[in-house]
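# Observations on chain architecture
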Amino acid sequence: MNVRKKPPAWTEVWDGIGQQKDVHLDGSSAGSVSRLEVLEGPSERRVRSEAERARIVAESLLPGAQVSEVARKHGATRWQIYDWRRRFRQRGMLPPCEASPPSFAPLVVEGALEERHAPAIKLEIAIGDVVLRTDTAIDAEQLSRVIRAVRASR
């Protein structure tokens, strides 16, 4: 604790977390204190009614609301609002999960979808000086018969 002297009977005391308190020292001899009185001003903590907390929580649950903005607006922290939500939920004053169900955008199709065809792959089979050209959509049995016929003709 840092102590800084004020007029003889008063001393400023810093409590280590940045808050100053005035302390009245009531003692006649230097170095000894017979009575120590700490005078505190109003604390910076707000005492909120249950109705005010409920109103702030309800505002934070509105669609599009950001908890940090609501907290800043009301001089609270977002963690306080999350804590209030949790407490209201435990008491049954909020549904188990305040998150809205996911919404989906409707699928809109403009114009007919084109049927996509795979590019035709050409197949070339060279048997000696004869070259057979066909696409891959040919039936395997039919292709076998053609190859046998070409070989037999040679």
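Please refer to the structure higher up on the page.
In this report, we go over the structure that sits alongside the text. In this text the structure is predicted, and so the values were computed from the model without any measurement.

Let us now look at the overall build of the protein. The number of helices and strands found in the protein is 4 helices and 6 strands. Of the regular secondary structure in the protein, the N- to C-terminal order runs β-β-β-β-α-α-α-β-β-α. Sorting the 154 residues of the protein into buried and exposed places 18% on the buried side. Considering only intrachain contacts with a sequence separation of at least 6, the fraction spanning at least 24 residues in the protein is 21%. When the accessible surface of the protein is totalled, it reaches about 13,000 Å², and 54% of it is carbon and sulfur.

Examined bridge by bridge, strand β5 (residues 122-127) and strand β6 (residues 130-135) share 6 bridges and lie antiparallel to one another. Counted as the bridge partner of K122 is D135 from β6. Connecting β5 to the antiparallel partner β6 that follows it, the hairpin turn spans 2 residues, and G128 within it adopts a positive phi of roughly 65 degrees.

As enumerated under the stated definition, the model contains 6 salt bridges in all. The salt bridge partner of K73 is E59, with a shortest N-O separation of 3.0 Å. Of this pair, K73 sits in helix α2 (residues 67-74) while E59 sits in helix α1 (residues 50-60), and the two are 14 residues apart along the sequence. Using a relative accessible area of 59% as the deciding quantity, one classes K73 as exposed. Note that E124 is salt-bridged to R133, the shortest N-O span being 3.2 Å. Side by side, E124 and R133 carry an identical accessibility label, which is exposed. Within this structure, D83, R86 and R87 form a network of salt bridges that share partners.

The rules we used
Residues numbered from 1 in each chain as written. Predicted model: local features only at pLDDT ≥ 70, side-chain atom pairs only at ≥ 80, totals over all residues. Heavy atoms only, no water. Helix = DSSP H or I, 4+ residues; strand = E, 2+ residues; numbered from the N terminus. Buried < 20%, exposed > 50% of the residue type's maximum accessible area, 1.4 Å probe, protein only. Contact = heavy atoms within 4.5 Å. Areas by Shrake-Rupley, 256 points an atom, 1.4 Å probe, with all protein chains shown as cover. Pairing = 2+ DSSP bridges. Salt bridge = Lys/Arg side-chain N within 4 Å of Asp/Glu carboxyl O.

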